[in-house]
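A look at the structure
Each chain, letter by letter, is given below.
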Amino acid sequence: MQLKKISDQTIVITGATSGIGLTTARRAAKQGAKLVLVARNENALRKLAEELNAGDTQAIFYAADVADEAALRGVAAATSERFGSFDTWINNAGVSIYGKIEDIATEDMRRLFDTNFWGVVYGSRIAAQFLRANNNGGAIINVGSVLSDRAISFQGIYSASKHAVKGFTDAFRMELEAEKLPISVTLIKPSAINTPYAQHAKNYFDKEATLPPPVFAPDLVAEAILHCAENQERDFTVGEGKLLASAGQLAPRLTDKMMEWGMAAQQFKNEPKNPEHTGTLYESHSDLSERGNYDGMVLEESIYQRAKLNPLVTSAILIGGAALTAFVVSKSAARTRDKNARGNERELMQIGHS
């Protein structure tokens, strides 16, 4: 299947005003793509469209909640009216919840699935319908997560939604392939990415939410998405999260125990929850921020990504990447244990003085 170069494409991006979607939109604009920007926040969309159009990009915006199928059909209709059609549709919009499964309100779980799962289903079906009528075909790109392969505690509902996205994407790909349609269907699986993800999540805990290391730059995800818009790929894991998924397949119980011991605590900072971080489950607070407030090391490069994009990279470099990842994780885990120990020490001192 021959996909167009980015410079010749019209691309629809949901969740375009924050994090991965925003980074992808700006990167695609620099490469000459025409853009259709989709998100809930109309003011943020307008500002982004003005920014990109000022740089010679042809960009339009459409305010829509991806949980609303009729609204997404409006996106496709507006795209066809303005550009004739589109070449790539990126289902990126997503939300998260930090909380124990027994504590999360059922309506919050349903709302998350409305966005993360049903938004992908609606977008994919609408995109396929329009691309089926386009003799040149195109690409549907769904943003899942490494948690599509391996669940994590305290983000169980998010993990479940991304497992569902993976199952849907794999089945939908097979159905379209069986029809021999020129439509590429790709699942992108980012590792932990330094976006406003944690600040935008609904948090049932008292401590400020954060990301477990290693944490990567959103530019890497944007690069992977646009690569898959030009090249037919079944899936693409961003960052070294593939190691975790592989460990879970090879030794699931051991991986469970390791995650219970180390990764649970690494999802929270040793500080009270910021009351301003109310989450975006029901309304958008987008301020056109690509990156979040992660205060640890952010990896701007991924050895595994270089290897996937450049197959001649040697296995020695891959081993080096694994060693770097292990170093970052161990340092972060040690830092977390030290912070917790200091916090416990302060609490004991306060008890002693009381």
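Bear in mind the structure is a predicted one, so any value in this text is a computation, not a measurement.

Description of the packing of aromatic side chains
On inspection of all chains with the given rule, the structure shows 13 aromatic pairs. A centroid spacing of 5.1 Å and a plane angle of 70° characterise the contact between Phe117 and Trp118, whose relative ring orientation is edge-to-face. Taking the centre distance of 5.3 Å and the plane angle of 80° together, the rings of Tyr158 and Tyr197 count as edge-to-face. Linking Tyr158 in helix α5 (residues 156-178) with Tyr197 in helix α6 (residues 197-200), this pair joins segments that are 39 residues apart in sequence. Relative accessible area serves as the criterion here: at 9%, Tyr158 is assigned to the buried category.

Focus on the nonpolar core
Ile11, Leu35, Leu37, Ile188 and Ile225 are the most contacted members of the largest nonpolar core, which has 36 residues in total. Per-element accounting of this core gives the leading share, seven residues, to helix α7 (residues 218-230). When sequence neighbours within four positions are dropped, the list of residues in contact with Leu35 reads Ile11, Ile13, Ala25, Ala28, Ala29, Leu52, Thr57, Gln58, Ala59, Ile60 and Phe83. With 31 residues, the next largest nonpolar core counts Ala93, Tyr122, Ala127 and Phe168 among its residues.

Remarks on the sheet that holds strand β1 (residues 10-14)
Across the sheet, seven strands lie side by side as β3-β2-β1-β4-β6-β7-β11; this open sheet has parallel pairing. Looking along the sheet, the strands with just one partner apiece sit at the ends: β3 (59-63) and β11 (235-238). Sheet twist, expressed as the mean angle between neighbouring strand axes with direction ignored, is 15°. Bridge count between strand β7 (residues 183-190) and β11: four bridges; the pairing is parallel. Its bridge partner lying in β11, Pro190 is registered against Val238.

Section: the pairing of strand β2 (residues 34-39)
In regular strands, side chains alternate between the two faces of the sheet. Counting buried positions along β2 gives five out of six residues, so the element sits mostly inside the fold. By the bridge criterion, five bridges tie β1 to β2 in an arrangement that is parallel. Looking at β2, one finds that Val12 is bridged to Val36. This β-α-β element, β1 to helix α1 (residues 19-30) to β2, shows right-handed connectivity. Where β2 meets β3, five bridges bridge the pair, whose relative direction is parallel. Bridge pairing in β3 links Val38 to Tyr62. You can see the chain leave β2, run along helix α2 (residues 42-53) and come back into β3, and the turn it takes is right-handed.

Comments concerning the environment of Phe236
Along the chain, Phe236 falls in strand β11. Given the relative accessible area of 0%, Phe236 is considered buried. A C-alpha to C-alpha distance of 4.9 Å links Phe236 and Ile188, two positions 48 residues apart in sequence. Here Phe236 is in contact with Leu187, Ile188, Lys189, Ala224, His227, Cys228, Gln305, Lys308 and Leu309, once residues within four sequence places are set aside.

Conventions we followed
Residues numbered from 1 in each chain as written. Predicted model: local features only at pLDDT ≥ 70, side-chain atom pairs only at ≥ 80, totals over all residues. Heavy atoms only, no water. Phe/Tyr/Trp six-rings, centres within 6.5 Å; stacked < 30°, edge-to-face > 60°. Helix = DSSP H or I, 4+ residues; strand = E, 2+ residues; numbered from the N terminus. Buried < 20%, exposed > 50% of the residue type's maximum accessible area, 1.4 Å probe, protein only. Core = buried A, V, L, I, M, F, W, Y, C linked by side-chain atoms within 4.5 Å. Contact = heavy atoms within 4.5 Å. Pairing = 2+ DSSP bridges. Axes fitted to C-alpha atoms, helices over the stretch in contact; angles between N-to-C directions. Right-handed = clockwise from strand over helix to strand, strands pointing away.

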